[in-house]
Amino acid sequence: MTAAKHTTQGREAEFWDEVVESAQDRDEDLRVFPGDMFDRTMPWLKYMDFADYLQVVFDNIGLRPGMRVLDLGCGKGFLAAALAHRGANVDAIDISSKSVERCRKRAELSDVAERTNFHVMDCENLAFEDDSFDAVCGSFVLHHLDLEKIAKEVFRVLKPSGRSAFIETFGLNPLLMLARSTLPGRFGIEKASSEDEYPLNRARIDKLQQHFPGKVSPAFPRVVFARMGGYLPFMNNMLGRGILKTFDRTFAVPAFLRTWSYYGVLKMNMEADGK
Ligand SMILES: C[S@@+](CC[C@H](N)C(=O)[O-])C[C@H]1O[C@@H](n2cnc3c(N)ncnc32)[C@H](O)[C@@H]1O
């Protein structure tokens, strides 16, 4: 399947094909080990407390050996390999064919090829039967997609007892949203997002809730807010990053401020209301 060039999917495929092709990933970083909780080709994820977010995903989907899981927008395949190492049988899809190639290589290197199937596929038009999966999950993908289509597709392919959870960028912090719209491409800050991205805001979460029968709720195990200042070149050093992380840990103390985190986990559970 190849996405038509002038569609959102075509632009996404082109953008992410280029990102993956230009990434100088070493085999030793691509290899995912059984206990790994972040992608070693993206070392900054450790600093961003990614492991805590991933644990929320695993807990919410009730990850266990033998379950069938779908990974949407799998990118370079870290999540798919991590799920497979924990015994899941994983189908993982991405619109970028270069990403899917990288995933297959990664699965081989990580000894999980027999538990993973990678497909070039559009998340908004899944080529899977109804009620196929125990869980659907993903990381940093929902904000690239038409959420209404996704809600319907996730619901359709999940089994009645299915669960889903997505690590996602949120737009609930007005300061971060302002920075996001003004800073990339200036002051030495790299533009790292494609044109068709919209972080989750309250209206988008409410829209998802309307189309999803069970409870849709965000979870914020940590706050990643000041740490986004690490994109500023003068803060991108050990001292600067340490200060920013300490600020976040202090800022996170009142629970209501956690929604100001740059990213969180969106949980969409079916079983509260049933299918
Ligand atoms: C920000 S990247 C995240 C990749 C990976 N999940 C990760 O966490 O590293 C977003 C991914 O979504 C994919 N994507 C965007 N739109 C898509 C669509 N309509 N269908 C399938 N994949 C899509 C992109 O190709 C890209 O690999």
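Caption draft 1: Expanded view of the environment of P199. Relative to the elements of secondary structure, P199 occurs in the loop between α8 (174-182) and α9 (202-211). Placed 56 residues apart in sequence, P199 and H143 show a C-alpha to C-alpha distance of 5.0 Å.

Caption draft 2: Expanded view of unusual backbone geometry. A positive phi angle, near 60 degrees, is found at D49, a position not held by glycine. Position of D49 relative to the elements: it lies in the loop between α3 (44-47) and α4 (50-61). Unlike most non-glycine residues, D131 shows phi in positive territory, near 55 degrees. Checked against the element boundaries, D131 lands in the loop between β3 (116-120) and β4 (133-139). Take D131: its relative accessible area is 38%, and that puts it in the partly exposed class.

Caption draft 3: The arrangement of the pattern of salt bridges in detail. Considering all chains together, one arrives at 20 salt bridges under this definition. Note that E28 is salt-bridged to R26, the shortest N-O span being 3.6 Å. Look at R26 and you get partly exposed, because its relative accessible area is 46%. A single network of salt bridges, built from pairs that share partners, joins D49, D52, R222, R227, K245, D248 and R249.

Caption draft 4: Inspection of the site of the ligand at higher detail. Around the ligand sit 18 residues, and of these G73, D94, D122, C123 and S139 come closest. Between the ligand and I95, the relevant distance is 3.1 Å, taken from a nitrogen atom to a main-chain nitrogen or oxygen of the residue. Coverage of the ligand by the protein amounts to 91% of the 590 Å² it exposes when considered alone. At three residues, the largest contribution of residues to the shell around the ligand is made by helix α1 (residues 8-22). By residue class, the composition of the shell around the ligand is nine nonpolar, six polar and three charged.

Caption draft 5: Representation of the pairing of β4 in the model. For β4, the buried fraction is high: six of the seven residues fall into the buried class. Sheet topology places strand β1 (residues 68-72) next to β4; four bridges connect them, and they run parallel. By the bridge assignment for β4, L70 is matched with V136. In terms of strand pairing, β4 meets strand β5 (residues 158-169) through six bridges, oriented parallel. From the neighbouring strand, S139 faces β5, where its bridge partner is I167. Remark: the β4/helix α7 (residues 147-157)/β5 crossover connection has right-handed handedness.

Caption draft 6: Broad picture of α7. Within α7, burial applies to L147, I150, A151, E153, V154 and V157. Elements that come into contact with the buried residues of α7 comprise β1, β4, β5, α9 and β7 (263-269). Sitting at the amino-terminal end of α7 is D146, which places a side-chain oxygen 3.0 Å from the backbone nitrogen of E148.

Caption draft 7: The arrangement of the sheet that holds strand β2 (residues 89-94) in detail. In spatial order, the strands read β3-β2-β1-β4-β5-β7-β6; together these seven strands make up an open sheet with mixed pairing. The outermost strands of the open sheet, each flanked by one partner alone, are β3 and β6 (215-219). Sheet twist, expressed as the average angle between the axes of neighbouring strands with direction ignored, equals 15 degrees. Pairing analysis gives five bridges linking β1 to β2, with the strands arranged parallel. Bridge pairing in β2 places V69 opposite V90. Sitting on the sheet, α4 is in contact with β4, β5, β6 and β7, with an inclination near 170 degrees to β5.

Caption draft 8: Local environment of the packing of aromatic side chains. Across all of its chains, the model carries nine aromatic pairs by this definition. Ring geometry for F128 and F133: centres 5.1 Å apart, planes at 85 degrees, overall edge-to-face. The pair F128 / F133 is uniform in exposure class, with both members buried. An aromatic cluster of at least three residues, connected via ring pairs, comprises F50, Y53, F140, Y262 and Y263.

So, how was this worked out
Residues numbered from 1 in each chain as written. Predicted model: local features only at pLDDT ≥ 70, side-chain atom pairs only at ≥ 80, totals over all residues. Heavy atoms only, no water. Helix = DSSP H or I, 4+ residues; strand = E, 2+ residues; numbered from the N terminus. Buried < 20%, exposed > 50% of the residue type's maximum accessible area, 1.4 Å probe, protein only. Salt bridge = Lys/Arg side-chain N within 4 Å of Asp/Glu carboxyl O. Near = heavy atom within 4 Å. Polar contact = N/O pair within 3.5 Å; in protein donor to acceptor, adjacent residues only side chain to side chain. Areas by Shrake-Rupley, 256 points an atom, 1.4 Å probe, with all protein chains shown as cover. Nonpolar A, V, L, I, M, F, W, Y, C, P; charged D, E, K, R; others polar. Pairing = 2+ DSSP bridges. Right-handed = clockwise from strand over helix to strand, strands pointing away. Contact = heavy atoms within 4.5 Å. Axes fitted to C-alpha atoms, helices over the stretch in contact; angles between N-to-C directions. Phe/Tyr/Trp six-rings, centres within 6.5 Å; stacked < 30°, edge-to-face > 60°.

By themselves, these figures tell us nothing about what the structure is for.
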